[in-house]
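# Secondary and tertiary structure notes
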Amino acid sequence: MKRTKRDNLTKKEIGKAISFKTGLPTIFLDKFIEDIFEIIIEDLNKHSIVKIKNFGTLKLLNKKKRIGRNPIDGKVYEISPRNSVVFRPSKILKLKVNK
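These lines cover the structure that appears in this document, whether it is placed above or below. (Residues numbered from 1 in each chain as written. Predicted model: local features only at pLDDT ≥ 70, side-chain atom pairs only at ≥ 80, totals over all residues. Heavy atoms only, no water.)

## Things to note about the pattern of salt bridges
With the rule as written, the count across this model stands at 3 salt bridges. Salt-bridge contacts for Glu34 lead to Lys11; the nearest nitrogen and oxygen are separated by 2.7 Å. Within this pair, whereas Glu34 is found in helix H2 (residues 26-47), its partner Lys11 is found in helix H1 (residues 11-22), the two being separated by 23 residues in sequence. In this structure, Asp35 engages Lys31 in a salt bridge whose closest nitrogen and oxygen atoms are separated by 2.9 Å. Taken as a pair, Asp35 and Lys31 lie in helix H2 at a separation of 4 residues, close to a single helical turn. The class of Asp35 is partly exposed, set by a relative accessible area of 26%. When its relative accessible area of 51% is taken as the criterion, Lys31 is described as exposed. (Salt bridge = Lys/Arg side-chain N within 4 Å of Asp/Glu carboxyl O. Helix = DSSP H or I, 4+ residues; strand = E, 2+ residues; numbered from the N terminus. Buried < 20%, exposed > 50% of the residue type's maximum accessible area, 1.4 Å probe, protein only.)

## With respect to the environment of Ile72
Of note, Ile72 is situated in the loop between strand S3 (66-69) and strand S4 (76-79). The class for Ile72 is exposed, based on a relative accessible area of 80%. On a C-alpha basis, the gap between Ile72 and Pro25 in space is 51 Å, while along the polypeptide they are 47 residues apart.

## A short note on the side chain of Ser90
For Ser90, the location among the structural elements is in the loop between strand S5 (82-89) and helix H3 (91-97). Residue Ser90 is classed as buried on the basis of its relative accessible area, which comes to 17%. Among the polar contacts listed, one links the side chain of Ser90 to the backbone nitrogen of Leu93, at a separation of 3.2 Å. Apart from the residues lying within four places of it in its own chain, the contact partners of Ser90 are Asn54, Phe55 and Gly56. (Polar contact = N/O pair within 3.5 Å; in protein donor to acceptor, adjacent residues only side chain to side chain. Contact = heavy atoms within 4.5 Å.)

## Some details on the nonpolar core
Nonpolar side chains tend toward joint burial in soluble globular proteins. Among the nonpolar cores identified, the biggest contains 5 residues, and these are Ile40, Leu44, Val50, Leu58 and Leu60. Of all the secondary structure elements, the ones that give two or more residues to this core are H2 and strand S2 (56-63). (Core = buried A, V, L, I, M, F, W, Y, C linked by side-chain atoms within 4.5 Å.)

Here you go:
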């Protein structure tokens, strides 16, 4: 599989790889992959945690507002509250990556 210059794996590349292995059309797989991501995002917003067996856990963190500093000029800024997503890989994924 040919990779982009930044070596990021895109949804299109995932669709092409699955299409190559299964013979399914890439148009169908692109929509399928989009739907998977939508389901994960909806579930994260609803329950703030998504566990995918043998892959890992996605968890939504609510970060409170805080004070931050610009390290160059030392100016103080208020960092607004936000949501952040944390991924923790499963033991099986860690084992497969570290073979």
